[in-house]
Amino acid sequence: MNNETVRVRFAPSPTGYLHVGGLRTALFNYLFAKHNNGKFILRIEDTDQNRFVEGALENLIKTLKIMGLSYDEGVDVGGDFGPYVQSERKEIYKKYADELIEKKQAYYCFCSPERLEEVRQRQIAEKKPPMYDRHCRELSDEEVKEKLNSGIPHVIRMKIPLLGDVTFTDLIRGEVSFSCKILDDQILVKSDGFPTYHLANVVDDHLMKISHIIRGEEWLPSTPKHVLLYKAFGWNSPMFAHLPLLLNPDRTKLSKRQGDVAVEDYLAKGYLPEAIINFVALLGWNPGSEKEIFSLDELIEKFSIDRVQKAGAIFDINKLNWMNAHYLRSLSDEEITNLCIPYLKQKGYDVSDHEKTIKIVIAVRTHLNYLAEVVNYVDIFFNKEVVFENEEASSVIKTDSAKVVLNELLNILKLEESVNKDNFKNIMKKVQTNTGLKGKDLFMPVRVALTGKTHGPELPLIVDVFGKEECIRRILSVKNN
RNA sequence: GGCGCUAUCGUCUAAUGGUUAGGACGCCGCCCUCUCAAGGCGGUAAUACGGGUUCGAAUCCCGUUAGCGCUACCA
């Protein structure tokens, strides 16, 4: 393969947000391009006017940017082969559709949607595959001219060969073959003048000199039509690689309804871009080693299309959680705190004391799979009064030994200048020496007195947040109840 | 229904004719430990089924089954 010529594209239709399946397709295209010193292009396929969604394009670009998948050519960055938005290329497609008509490789079709529906119903009733019956395929030039002049709505259809097979090589699946007999005379230009995916896609991939088409497996059945189109135009077709699908836990194509599918949803919950990228990269691909943590640059270095899997992969949130937690752990205390602050604020917690907020995050950070979870663990720090979470907690406090421990701790605390995570161990040592209590009997009453709970962060980290006065206040309030 | 793709632990996957079928997530246990996490150590668990080919098959071939995808004037 000539490395100089690798050009690939990610060509989503802007229907609202970036789907994780889309992200995976974009990522594999990106990795393939960068690995081969090629170009990665973003093209927008918005030929369906009915599916226009306000702000979708901006949103898509934003998410791609956050994920670090920068493109060499595309909508907002330009390039030599623009425009990169299909709705702005209508005239181009018209020209090529006309060329196909001229070459007798396509024809005008004047059938009404009603007639088409009728034909379809009859075929289904007869248990035949629903296909266009080629009613308009052999219209004479005069008939066509007449109908055109009388303004009957029309589409342009592809003239599929009646016989033979279409065979092509898929980089992931090997040789794939389809019989022309089962191929429909695909609509290339709709009655509103816009091209369908099939025409626009082929024309653009050719004009933009795309070398490899890397897309989802759902496109495999329409690939023979595309191959035929390249042939009809007399063009060389690019190489094809159809990626295995991303699946729901029930093995159907990944979809909303069974969890989040928008990349922005995961971002909003506090999954890190690097973690999402790393996780998604390993869905349907692996480098053949046992290493699992990869930066984007490492992925570029290792990526190769022939290590892409053929079978679909379930999007397992469990593993994403593990991987994200792994990336979270590599963050500094300051970094992770800054990332947690928006979630704390949203919950209404006061984060004005930054030093204190950092200490709180330090105390709970090992629990986090994703940042939004931080609010599940911090109530003990923000609640003004100690409330026993259950019977077990309140009974811990009532024992005689608990009273001894708390009294002793109080006495020592009052003598200390301050209490923090570094001197707390020694303080407890003194309590132990003076009371003769140790282990659970020693520590649990303190934990419950400070937090009201029997579970939670490490005690030194808790007292570090509260400081001397607050610790004393809490212990006293518990003793008095 | 037709066409196509696919098939290794529950999940992501390694092993491209010869391995005690390996790793990771999850789960379980142990260690650490005041608790919960984290961390360390260990365990659980798979070649869909049936035929071939071969000295030898998870791997190649055929069939069966199952799953998924496509079958729009959507992409």
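Residues numbered from 1 in each chain as written. Chains lettered and ligands numbered in written order. Predicted model: local features only at pLDDT ≥ 70, side-chain atom pairs only at ≥ 80, totals over all residues. Heavy atoms only, no water.

A.B. asks: Would you mind going over the protein's contact with RNA strand B in detail, with residue names and values included?
C.D. replies: Near RNA strand B, the surroundings consist of 63 residues, among which Lys190, Gly284, Asn286, Glu292 and His455 are the closest. Protein-proximal atoms of RNA strand B, defined as those within 4 Å of the protein, fall in sugar or phosphate at a share of 76%. Thr47 is positioned with one of its side-chain polar atoms (N or O) 2.8 Å from a phosphate oxygen of RNA strand B. A distance of 3.0 Å separates a sugar or linking oxygen of RNA strand B from a polar atom in the backbone of Leu282. Elements with a minimum of two residues in the surface near RNA strand B: α4 (113-125), β7 (174-179), β12 (313-314), α11 (317-329), α18 (439-451) and α19 (459-479). The biggest single contributor to the surface near RNA strand B is α18, with 5 residues. Classifying every residue of the surface near RNA strand B by side-chain character gives 26 nonpolar, 16 polar and 21 charged. (Near = heavy atom within 4 Å. Polar contact = N/O pair within 3.5 Å; in protein donor to acceptor, adjacent residues only side chain to side chain. Helix = DSSP H or I, 4+ residues; strand = E, 2+ residues; numbered from the N terminus. Nonpolar A, V, L, I, M, F, W, Y, C, P; charged D, E, K, R; others polar.)

A.B. asks: Which residues make up helix α15 (residues 391-398), and what values go with them?
C.D. replies: Ala393, Ser394, Val396 and Ile397 are the residues of α15 that are buried. Along the long axis of α15, the arc covered by the buried residues comes to 150 degrees, so they all point the same way. Of the exposed residues in α15, those oriented more than 90 degrees away from the buried face are Glu391 and Lys398. Looking at the buried residues of α15, the elements they touch are α16 (400-415), α18 and α19. (Buried < 20%, exposed > 50% of the residue type's maximum accessible area, 1.4 Å probe, protein only. Arc of directions from axis to C-beta. Contact = heavy atoms within 4.5 Å.)

A.B. asks: Any chance you could break down the pairing of strand β2 (residues 39-42) for me, citing the residues and the numbers?
C.D. replies: Where strand β1 (residues 7-10) lies against β2, 4 bridges are found, and the strand directions are parallel. Pairing of Phe10 across the sheet is with Leu42, part of β2. Between the parallel pair β1 and β2, the chain is carried across by helix α1 (residues 20-35), and the sense of this crossover is right-handed. Where β2 lies against strand β3 (residues 73-74), 2 bridges are found, and the strand directions are parallel. Among the inter-strand pairings, Leu42 is bridged to a residue of β3, identified as Gly74. Chirality of the crossover, the property in question, places the unit of β2, helix α2 (residues 56-66) and β3 among those that are right-handed. (Pairing = 2+ DSSP bridges. Right-handed = clockwise from strand over helix to strand, strands pointing away.)

A.B. asks: Which residues make up the side chain of Glu45, and what are the values?
C.D. replies: Looking at where Glu45 falls in the secondary structure, it is placed in the loop between β2 and α2. Of the polar contacts made by the side chain of Glu45, one reaches the side chain of Arg43; its length is 2.8 Å. A distance of 3.2 Å separates the side chain of Glu45 from the side chain of Gln86, its partner in a polar contact. In this structure Glu45 touches Ala11, Pro12, Ser13, Pro14, Gln86, Tyr197 and Asn201, once residues within four positions along its chain are discounted.

A.B. asks: Account for the sheet that holds strand β5 (residues 155-158), naming residues and giving values.
C.D. replies: Judged by pairing direction, the sheet is antiparallel, and its 3 strands sit side by side in the order β4-β5-β8 without closing on themselves. Edge positions in the sheet fall to β4 (106-109) and β8 (187-189), since each of these pairs with one other strand and no more. On average, each strand axis in the sheet is inclined to that of its neighbour by 40 degrees, with strand direction left out of account. Sheet analysis places β4 next to β5, joined by 4 bridges and oriented antiparallel. In the sheet register, Ala106 faces β5, and the bridge partner there is Met158. (Axes fitted to C-alpha atoms, helices over the stretch in contact; angles between N-to-C directions.)

A.B. asks: Residue-level account of the sheet that holds β1, with values.
C.D. replies: Within the open sheet, the 3 strands sit side by side as β1-β2-β3. Their pairing is parallel. Strand pairing shows two members of the sheet lacking a second neighbour, β1 and β3, which therefore form its edges.

A.B. asks: Mind laying out unusual backbone geometry, listing which residues take part and the relevant values?
C.D. replies: Here the bond from Gly82 into Pro83 is cis, since omega is -5 degrees, no more than 30 degrees from zero. Along the chain, Pro83 falls in the loop between β3 and α3 (90-102). In this model, Lys127 sits at a positive phi of 55 degrees, which is unusual for a non-glycine residue. Looking at the secondary structure, you find Lys127 in the loop between α4 and α5 (141-149).

A.B. asks: Run through the pattern of salt bridges, naming residues and quoting values.
C.D. replies: Using the criterion set out here, one finds 29 salt bridges in the structure. Between Asp185 and Arg134 there is a salt bridge whose closest N-O contact spans 3.1 Å. You can see Asp185 sitting in the loop between β7 and β8 and its partner Arg134 sitting in the loop between α4 and α5, a full 51 residues away along the chain. Judged by relative accessible area, Asp185 falls into the buried class, the value being 0%. Judged by its relative accessible area of 22%, Arg134 is partly exposed. (Salt bridge = Lys/Arg side-chain N within 4 Å of Asp/Glu carboxyl O.)

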